[in-house]
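Coordinate analysis (summary)
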Amino acid sequence: MDSAIGECLAAFVFGSVVGLLVQRSRFCNTAALRDAILFKTYRNTKALLVAMMILTLGFTTFLTFGEGNPMHFDVGLNQIMGLFLFGIGMVLAGACTVSTWVKTGEGNVGALWALLFTFIGMFLFSLLWSVNYWPPASLSMTGEPNLSALQLGYSNAATLQEKFGIPAVVFGAVQTLVLFAIYRAIRRKETIQHQHHEEAAARREAAKAAKAAKPANTDARTEQA
Amino acid sequence: MKGAPFTAMEFFRKTLDPVIALAAIAFLDIFLFLLVGAWTVGGGETMMTGLFAELVMGKEAVARIPFWSLVFKPDIAYWKIYISLGMLFGAFVGAVLSKEFYLRLPRRLSEWVLITIGGLLMGIGIRLAFVCNVSTFFGLTPEMNLGGYLSISGIIAGAWVGSMIYKKILEG
């Protein structure tokens, strides 16, 4: 898309639909990770995995034919460090980048506060970056490994296709299968959890019934005496 | 309409299955990927930070900070800003139509403190990594970018540490 206004309009329409769907479904990326770790519940994790499966097949299909606009920058240690800090932050704040906007739209002042401090954090980092210039800016990225700057370069499904001569979608299919295997493992775990809950409920019911039957037996014995 | 499987009113009355919601978002994200690029939030937020900084400090003062001239030049026509504004708008419409819009404030001081620390860490983390959680799960990893796998390792480790801190706080 060439026009900046067109790009902004497409982005706004996309964002509006996302905001509406996330608000109505109560999807939360933070919960997708936190609830799986802490409470062993997977409502949001399953949704995240389904989206990733669709996206992997979709993106890699188009990348096979040289279509689409993939993200293009060198990656390295800063991704692990940055997302590590982000992961702690999102659990403490109880919201990620999506839910801060969505919850703010619902009138949640705490989410607006988190958003404000996300901006402040970004500004603080901009000051720090202006002192040490790390991680490298896109102007100085080469696409190749740059170990002195702790950068591994640039690679995605399209570069894999270029390197190995195998269509990008084949790599995408393999990743989709891995994601599906994780999804199935979660579904199996949920089925076992459900069975345990049902068995526990049945045991509780049986105990209750036995308790209720006890006084009646006692009465019967009294009558016989 | 009686017997209809799903009506507009129902959409705003019942909670939508997140699997359906995220599948729909994924298909839309493929269209966005073809038009401009995959769904992301952190980039737009950074640009908004630059624009707010210009409002508060003035354009010249911000331009003197190398980050804002070498990495992100504040630009109001940056498309990623409008994804965030759209999400805010869409969520507001959804909340109003489903009668779920009301002002909610964190009650305890400890909640304000956690949100403040959490917000700061998210902001610093996004800029350090060049990506946010959305680009990680809905952009980089589906593109099979190496950065996606690095980011996922980081966010899972971070969420685990965050969850342990959260658990300690819950247990008092």
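Refer to the preceding data block for the structure.
Anyway, here's the lowdown on the structure attached to this text.

Reading the values: the criteria
Residues numbered from 1 in each chain as written. Chains lettered and ligands numbered in written order. Predicted model: local features only at pLDDT ≥ 70, side-chain atom pairs only at ≥ 80, totals over all residues. Heavy atoms only, no water. Phe/Tyr/Trp six-rings, centres within 6.5 Å; stacked < 30°, edge-to-face > 60°. Helix = DSSP H or I, 4+ residues; strand = E, 2+ residues; numbered from the N terminus. Buried < 20%, exposed > 50% of the residue type's maximum accessible area, 1.4 Å probe, protein only. Lys NZ or Arg CZ within 6 Å of the ring centre and 35° of its normal. Contact = heavy atoms within 4.5 Å. Salt bridge = Lys/Arg side-chain N within 4 Å of Asp/Glu carboxyl O. Polar contact = N/O pair within 3.5 Å; in protein donor to acceptor, adjacent residues only side chain to side chain. Nonpolar A, V, L, I, M, F, W, Y, C, P; charged D, E, K, R; others polar. Lys, Arg positive; Asp, Glu negative; His and termini not counted.

Summed over the entire model, instances satisfying the criterion amount to 18 aromatic pairs over all chains. Residues F180 of chain A and Y183 of chain A carry aromatic rings whose centres are separated by 6.4 Å and whose planes lie at 20° to one another, so their mutual orientation is stacked. Residue F180 of chain A and its partner Y183 of chain A are both found in helix 8 (residues 168–224); the two are separated by 3 residues, about one turn of the helix. For F180 of chain A, a relative accessible area of 39% gives the class partly exposed. Judged by its relative accessible area of 14%, Y183 of chain A is buried. Ring plane angle 90° and centroid distance 6.2 Å describe the contact between F72 of chain B and Y78 of chain B, whose orientation is recorded as edge-to-face. On the accessibility criterion, Y78 of chain B (18% relative accessible area) is buried. Connected via pairs of aromatic rings, a cluster forms that spans F123, W129 and Y133 of chain A together with F67, W68, F72 and Y78 of chain B. In this structure, R104 of chain B packs its charged tip against the face of Y102 of chain B, placed 4.1 Å from the ring centre.

Turning next to the interface of chain B and chain A. Facing 120 residues of chain B, the contacting portion of chain A comprises 110 residues. Its salt-bridge partner being R24 of chain A, residue E100 of chain B comes within 3.1 Å of it at the nearest N-O pair. Remark: the boundary between chain B and chain A carries 30 residue pairs in polar contact (both at pLDDT 80 or more). Top element by residues in the side of chain B that touches chain A is helix 9 (residues 146–171) of chain B. It accounts for 20 residues. Here the residues of the side of chain B that touches chain A sort into 82 nonpolar, 28 polar and 10 charged.

Moving on, we come to the side chain of E143 of chain B. Looking at the element boundaries, E143 of chain B is found in the loop between helix 8 (133–140) and helix 9. Notably, E143 of chain B is buried but unbridged: the nearest opposite-charge side chain belongs to K80 of chain B, and the N-O separation is 9.6 Å. Leave out the neighbours within four places in its chain, and E143 of chain B touches F59, L63, N69, P70, M71, N156 and A157 of chain A together with F33 and A38 of chain B.

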